[in-house]
Protein chains: 12
Amino acid sequence: MKILILNGPNLNLLGTREPEIYGHTTLADIEARCMALGAELGAEITCRQSNAEHALVEEIQQARGAFDAIIINAAAYTHTSVAIHDALKASGLRIMEVHLSNIHAREAFRHHSHISPIAEGVICGLGVMGYEAAIRALTA
Amino acid sequence: MKILILNGPNLNLLGTREPEIYGHTTLADIEARCMALGAELGAEITCRQSNAEHALVEEIQQARGAFDAIIINAAAYTHTSVAIHDALKASGLRIMEVHLSNIHAREAFRHHSHISPIAEGVICGLGVMGYEAAIRALTA
Amino acid sequence: MKILILNGPNLNLLGTREPEIYGHTTLADIEARCMALGAELGAEITCRQSNAEHALVEEIQQARGAFDAIIINAAAYTHTSVAIHDALKASGLRIMEVHLSNIHAREAFRHHSHISPIAEGVICGLGVMGYEAAIRALTA
Amino acid sequence: MKILILNGPNLNLLGTREPEIYGHTTLADIEARCMALGAELGAEITCRQSNAEHALVEEIQQARGAFDAIIINAAAYTHTSVAIHDALKASGLRIMEVHLSNIHAREAFRHHSHISPIAEGVICGLGVMGYEAAIRALTA
Amino acid sequence: MKILILNGPNLNLLGTREPEIYGHTTLADIEARCMALGAELGAEITCRQSNAEHALVEEIQQARGAFDAIIINAAAYTHTSVAIHDALKASGLRIMEVHLSNIHAREAFRHHSHISPIAEGVICGLGVMGYEAAIRALTA
Amino acid sequence: MKILILNGPNLNLLGTREPEIYGHTTLADIEARCMALGAELGAEITCRQSNAEHALVEEIQQARGAFDAIIINAAAYTHTSVAIHDALKASGLRIMEVHLSNIHAREAFRHHSHISPIAEGVICGLGVMGYEAAIRALTA
Amino acid sequence: MKILILNGPNLNLLGTREPEIYGHTTLADIEARCMALGAELGAEITCRQSNAEHALVEEIQQARGAFDAIIINAAAYTHTSVAIHDALKASGLRIMEVHLSNIHAREAFRHHSHISPIAEGVICGLGVMGYEAAIRALTA
Amino acid sequence: MKILILNGPNLNLLGTREPEIYGHTTLADIEARCMALGAELGAEITCRQSNAEHALVEEIQQARGAFDAIIINAAAYTHTSVAIHDALKASGLRIMEVHLSNIHAREAFRHHSHISPIAEGVICGLGVMGYEAAIRALTA
Amino acid sequence: MKILILNGPNLNLLGTREPEIYGHTTLADIEARCMALGAELGAEITCRQSNAEHALVEEIQQARGAFDAIIINAAAYTHTSVAIHDALKASGLRIMEVHLSNIHAREAFRHHSHISPIAEGVICGLGVMGYEAAIRALTA
Amino acid sequence: MKILILNGPNLNLLGTREPEIYGHTTLADIEARCMALGAELGAEITCRQSNAEHALVEEIQQARGAFDAIIINAAAYTHTSVAIHDALKASGLRIMEVHLSNIHAREAFRHHSHISPIAEGVICGLGVMGYEAAIRALTA
Amino acid sequence: MKILILNGPNLNLLGTREPEIYGHTTLADIEARCMALGAELGAEITCRQSNAEHALVEEIQQARGAFDAIIINAAAYTHTSVAIHDALKASGLRIMEVHLSNIHAREAFRHHSHISPIAEGVICGLGVMGYEAAIRALTA
Amino acid sequence: MKILILNGPNLNLLGTREPEIYGHTTLADIEARCMALGAELGAEITCRQSNAEHALVEEIQQARGAFDAIIINAAAYTHTSVAIHDALKASGLRIMEVHLSNIHAREAFRHHSHISPIAEGVICGLGVMGYEAAIRALTA
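Residues numbered from 1 in each chain as written. Chains lettered and ligands numbered in written order. Predicted model: local features only at pLDDT ≥ 70, side-chain atom pairs only at ≥ 80, totals over all residues. Heavy atoms only, no water.

1. Brief notes about the interface of chain A and chain B
What counts is decided by this rule: The contact definition used throughout considers only heavy atoms, calling two residues in contact when any of these lie within 4.5 Å. As used here, buried area is the combined drop in accessible area, with a 1.4 Å probe, of two parts when they are placed together. Put simply, a salt bridge is a Lys or Arg side-chain nitrogen that is within 4 Å of an Asp or Glu carboxyl oxygen. Two N or O atoms count as a polar contact when they lie within 3.5 Å, although within protein this holds only if one can serve as hydrogen donor and the other as acceptor, and sequence-adjacent residues are included solely when both atoms are side-chain atoms. Only DSSP runs of H or I reaching four residues or more are called helices, and only runs of E reaching two or more are called strands; each is numbered from the N terminus. Each residue is assigned to one of three groups, with Ala, Val, Leu, Ile, Met, Phe, Trp, Tyr, Cys and Pro labelled nonpolar, Asp, Glu, Lys and Arg labelled charged, and all others, Gly among them, labelled polar. For two strands to be treated as a pair, DSSP must find at least two bridges joining them.
Counting residues at the interface gives 19 residues for chain A, matched by 19 residues for chain B. Its largest share of buried area at the contact with chain B, chain A owes to A:His104, A:Leu126 and A:Met129, together 31% of the area lost on that side. Connecting chain A to chain B are zero salt bridges. In this structure, the connection of chain A to chain B is made through six residue pairs in polar contact (both at pLDDT 80 or more). Put simply, the parts of the chain that give the side of chain A that touches chain B at least two residues each are strand 5 (121-124) and helix 6 (128-139) of chain A. Of the residues assigned to the side of chain A that touches chain B, the class counts are 12 nonpolar, five polar and two charged. One ladder, built from three bridges, connects strand 5 of chain A with strand 5 (residues 121-124) of chain B; its direction is antiparallel. Within strand 5 of chain B, the position partnered with A:Val122 by the bridge is B:Cys124.

2. Here's the deal with the sheet that holds strand 4 (residues 94-99) of chain B
Put simply, the rule is: To obtain each axis, a line is fitted to C-alpha atoms, and for helices this fit is confined to the stretch in contact; angles are then taken between N-to-C directions over 0 to 180 degrees.
A sheet is described by the order of its strands in space; here 10 strands give the open sequence 2(A)-1(A)-3(A)-4(A)-5(A)-5(B)-4(B)-3(B)-1(B)-2(B), paired in mixed fashion. A single partner strand is all that each edge strand has here, and the edge strands are strand 2 (44-49) of chain A together with strand 2 (44-49) of chain B. Put simply, the sheet's adjacent strands are angled 15 degrees from each other on average, direction ignored. When strand 4 (residues 94-99) of chain A meets strand 5 of chain A, the two strands line up parallel, connected through four bridges. By the bridge assignment, A:Glu97 is partnered in strand 5 of chain A with A:Val122. Sitting on the sheet, helix 6 (residues 128-139) of chain B is in contact with strand 1 (2-7), strand 2, strand 3 (69-73), strand 4 and strand 5 of chain B, with an inclination near 160 degrees to strand 4 of chain B.

3. Focus on the relation of the copies chain A and chain B
Let me state the cut-off plainly: Least-squares superposition of the copies uses the C-alpha atoms of those residues scoring a pLDDT of at least 70 in each of them.
With an RMSD of 0.0 Å, the fit of chain A onto chain B corresponds to turning through 180 degrees and sliding 0.0 Å along the axis. On the angle and the small slide along the axis, the relation comes out as a two-fold axis. Within chain A, A:Ile123 has its C-alpha nearest the rotation axis, a separation of 2.2 Å. A shared binding surface is used by both copies, with 100% of the interface residues of chain A retained as interface residues in chain B.

4. Side note on the environment of A:Thr26
Residues and elements named next belong to chain A. Basically, it comes down to this: Here the term buried applies to any residue with accessible area under 20% of the maximum for its type, exposed to any over 50%, and partly exposed to those in between, with areas from a 1.4 Å probe on protein chains only.
Structurally, Thr-26 can be placed in the loop between helix 1 (19-22) and helix 2 (27-41). Using a relative accessible area of 27% as the deciding quantity, one classes Thr-26 as partly exposed. Those residues in contact with Thr-26 that sit more than four places away from it in its chain are Leu-14 and Gly-15.

5. Considering the interface of chain C and chain B
Every contact between the two is made by 15 residues of chain C and, on the other side, 19 residues of chain B. Both faces considered, chain C and chain B share a buried interface measuring about 1400 Å² in area, 50% of it formed by carbon and sulfur atoms. At the junction of chain C and chain B, the tally comes to one salt bridge. Where B:Arg110 meets C:Asp86, a salt bridge forms, and the shortest distance between an N and an O atom there is 2.8 Å. If you look at where chain C meets chain B, you find six residue pairs in polar contact (both at pLDDT 80 or more). Of all the secondary structure elements, the ones that give two or more residues to the side of chain C that touches chain B are helix 3 (53-63) and helix 5 (82-91) of chain C. Broken down by element, the residue count for the side of chain C that touches chain B peaks at eight residues, all from helix 5 of chain C. Across the side of chain C that touches chain B, the residue classes break down as five nonpolar, five polar and five charged.

6. Brief notes about the packing of helix 2 (residues 27-41) of chain F against helix 6 (residues 128-139) of chain F
Residues and elements named next belong to chain F. The line we're drawing: These descriptions rest on fixed angle ranges, namely under 35 degrees for roughly parallel, over 145 for roughly antiparallel, 65 to 115 for roughly perpendicular, and the rest for oblique. The sense of a crossing depends on the near helix, which, turned anticlockwise from the far helix by less than a right angle, makes the crossing left-handed and, turned clockwise, makes it right-handed.
Relative to each other, helix 2 and helix 6 sit at 25 degrees, their axes nearing to 10 Å. With respect to helix 6, the element helix 2 is oriented roughly parallel. With respect to the hand of their crossing, helix 2 and helix 6 are arranged in right-handed fashion. Across from Ile-30, Arg-33, Cys-34, Leu-37 and Leu-41 in helix 2, the residues of helix 6 making contact are Val-128, Met-129, Tyr-131, Glu-132, Ile-135, Arg-136 and Thr-139. Of the residues belonging to the contact of helix 2 with helix 6, the class tally is eight nonpolar, one polar and three charged.

Rendered as structure tokens:
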């Protein structure tokens, strides 16, 4: 099984800012842990991060054929991007949505996700373990 | 670590009805898998199910002091019970919210949860693996 | 044909209070008339009333296999119970929704029903004749 | 007792189109069954159908003095006509509202009725038996 | 000055029904009083009533060139007819909107008028004197 | 018959500003015309204007016993003052609401009036003739 | 291919009024151009206009069997008529919705169409060329 | 005078949890103070608490004939229970609604009460003195 | 303890108008009872009433330093005055909100209070006893 | 250039209360700084403050002819006063709206301003420098 | 005439995915057909596609002076991009909005377009013929 | 003090289009004036403009450590970008929001800003002087 892990805008800052919400783990730490778990479970993990909506759209477009599933933490684009929704839907791949923090316990504008209606599962508030749970669910 | 797993109304039917939404696993299967994972991770798991709102409220009230965390799938009461919200908040315990199906991909009245604003994490659409992810997150 | 007639909260008071809305007929009168009509039409009628949401949920759960259809007047729970909605949906039985008064001519919070979207028919404002109409429709 | 049965727009098509929603019974069949039941119960039944809002308004205006009650299935005008509401209210007659299908299980714009607030009873989803239930209720 | 007075659905019933809202004056009485006042003020008054939306639309279409102004009490169509709005706007004539009762003191669905935004004046609650005030204003 | 005519904030500017909305007539002109018409119809007219909400409230309080009716153009307070609503309701007098311009053809925040639900009649868009229509209606 | 072109209320006025919105072309011009294009593309075009909702409903009812498709510009009824929606849906024909002006650039009450959800295509703002585009699309 | 004091879900926890909202007084303390004040004012006080909606409904049903008034702090059910509303209304007794904290200064979902519209008085934010104020008001 | 009791617009009319809502007690009666209770409980009571929003704002501004608490029945300004909200908040004093009638059982526009979110307690529907309850709560 | 600076309710308290929102500067300080800057830029500055809505309305009415521009911080009346909106609009002067704090970062009821739609510029959150920015902009 | 055809995010996938919504035609096919029709009608057609919002904004910025009109299918950005709206408005060019599918028959979040209010025409549901209709309208 | 001035989409067009809204000043003019004022006040000013949301996000990310404050005119992204909101919040810098025009006097969709809730100040409608006011406020 091949899994693409996509992280969206500002997640490159992880571990350096607002640790009271996102913790001290860096994106590299998260990716390393996901790679390790993937290796353990026999899944090939590829990680990408971008601050650009179109770059995420294009990663998703290119995932078709190359991957079996996408784990996506679209961060701010979760709430505003129909383009990512469309790309994910068109990919035909299995989709897992992850958020490091519990978005339902934050500002109202973070309560709606354009991705959830087309995701297989949605995990929020588990920090890096959310990605791990998604990997386990996909490889089960 | 002691964890109380609470399942709400109609979850006693699991595995017997609407398998297209909830799958073929029974509640006993879920509980057995959670107990096994708990044993593996050194957590003591106790499982309760009730169709009654007040019974869930009282399980939560009594959990204080007896447990360190609650994993709750309140099913229909997720969307309607302020009493469960209040009991969870008053318990002072760590709360993980789990749903077998992805509630955001179902009817609009299932998109709002009275539990999410006070939960540490929210996991939906992973089936029984959602409970396991919650156990892992609590014992990490 | 076996039909379960379920009456919800405060309907045990029928005939004793607020007769300007509900009339002078008692619940026992209604049940007797339904039994008589069932006998006439070759349907076996069983009647249950409860003020408890979970008790209604469990009556519905147990109806599967034992009955062919449910006639339900969920009274106040009509407007607030997702748990009854879920139990009815999971039962796989034919559902008829009845209200003694015309709920659309009363307070705005009585205009929405959680049951109507999954009912075969909805009858309100006919008093006891609403139950009889439901029995006739089910046995037709 | 004299009862006027009014059917609104597109109901002249009954039995010929969209049978998955409205069934195979024609309007003539419905009217015949209503006449038969009226005869049996000692009620004189008159049936009218029109696709025109004003024609329905005028039938209702002329019903005063000539009839004791109106059974109305206003179809699409249920949701849009204040004029029919006003005519029914001004008639001073008993009003029964009937819909062949369960409008609450269909599109959202069919969930509100301008007639329900002034009707004695509302019956939907029973097909032709809805008219019969209305006749029985009026003649009881 | 030539004025067309248009009355809408159910106003032909005036004086015969719901006198607690509309009073005992008949439409003929109103028309007679308007004609008399018109004569006094040097205006030529023509009166039409119809229960049909399209008939009102066509009266308005034909008014262009033949009349200087329209006084309209569209009754129920006030709240539902975009077609009458469009016809009035296209007529290029001066428009006065009249209602016998104070629609703002009645049901919420009577508080919005499709005609008011394109009327010169709006008068409600003055009974027949509302038409007279409109005639005076037009002839001033 | 004794009638109090109350004019609200900024109406003292009438005839000097925004004539495209309010015309060139001054408040004194309006009051003079009202006095004249009152004299003609046998009504005693008293006129007051204030820019202060509490002053209007107190004029209304003192009107009880001294007047039979109030004609009020509360201007901006129409849309914001519950205090004036309460004073008018408590006065027990007949109330006529007047606006010089057609408030329904202006900004959305002018479409709701706190006075209309307790007024006998509402007249807008007739300019000074609106006051005259109110006087005629009260003295009829 | 046989196509019925239906035009709704006030479109008989085309070319004579409000040319800043609708242009100088008359309905006869539009119909002539459609007939010509139909002839060119091998489609038989029939044109009807009515100001009456029920007349449009009945044209649609009779179109079944006689036509392959309907091009409809329901004008004001676009926004208010569920009856036309129902007739179009029951017809089983292909539906193209046309508006001369861009309804999305006009008043808010023109932004919702009861026809769009059941139309194959929606064209607005192209003037008479909108009808031609619909004919081309149907005959392609 | 006989008064029933009903306390709803989670109020059995009073004095043990969330003292920043509810204070350190236990439910037993509250009941004792109410009994004492009742004795002083010549009222017979009976206290009941339940976490179950149906138990509260049944206490209310049985109160009729046995009590003159009910003081109710329905806690979470205040915001969700139509069944308690119905039972209170059907009881025909005087109703006083009490909340320990000021619900209007808390989360938005606590701002609406199903009980207030049928209560004689509503008191919130006075802690145990709220119950005392209700007792005084009832015995005055 | 020094307490300022502020009464808002139209409360000077108490006892003379709309007794079915407010009773026969005059404002002087209320003030006398409050003074008496204050004397009994060792609190110094000062009473003010004004129909003017700014006068209430200024009373509140001057209360700082001179009083320990304010009991306010802002009447109509409860629902419309942000200025009173701001003055109360800036005063730093304890605030008790009182309404003679149960505002939640009246018109919808009386259900929201600008004062409640910053008040310690809110009491409505107890008539003059509401002020007494506030005095007791403040002096407890 | 002559500029009138108007400050609304509770701004007379500046520097004495809630310094965490408004800072320690007094209104006299602000006025002095504005006068100084005006002198430097060749503008004649006049300052007025009132807690009364009508007083502000009248200051604005009298500003016409006497001033070229108004800088207004209407404080609480920003959100509630249509009368001030109307007076400003009728003045025909240039309008600058200032708020000491950032109203968009405060309670939701402070997010809407009745003044903004008719102001040339809106400045909030700059403290006293907001007034200075307005003076600079007007004199540029 | 020079026309720029702009296609937005995910339209590069056309013909390869979700053919039940978008058909089997590729973007190259569409562009070829548009070029051919342009050649036939004497218009010079240039085609661009981008998944990036800013790239579309910049194409539009550069179109000014270089093109006479823009045909835009902004896909997902239709519903979310104010930046494209602003660029189109600033371009001063004629704008035609095209959608391959009927967006009004899809999810609710696709019913609103930021482009429609500033477009000359809007065409949806005609597939590639929508572009052709736009070209014809622009070149007419 | 080091200040980053960020300008968003379409602001590169300033001075060339829609001068009735934005004036004739170019972006280069604005930047030059800001640099000059910065020099005068001892602040080091850096200016960036981008039409791309991600480029703005990345400018903000890199500002941390390099700048003390950001003055941002996010133009269209003001209303749609949660990503910029997140980047600004994570930067920990002082934020000033500027708009050339008064966004509250334009279309409703421009009235909400994702930036305002986290900005120190918001200035709109002052044209280039808005940037200058922000610089003054930051350097004060």
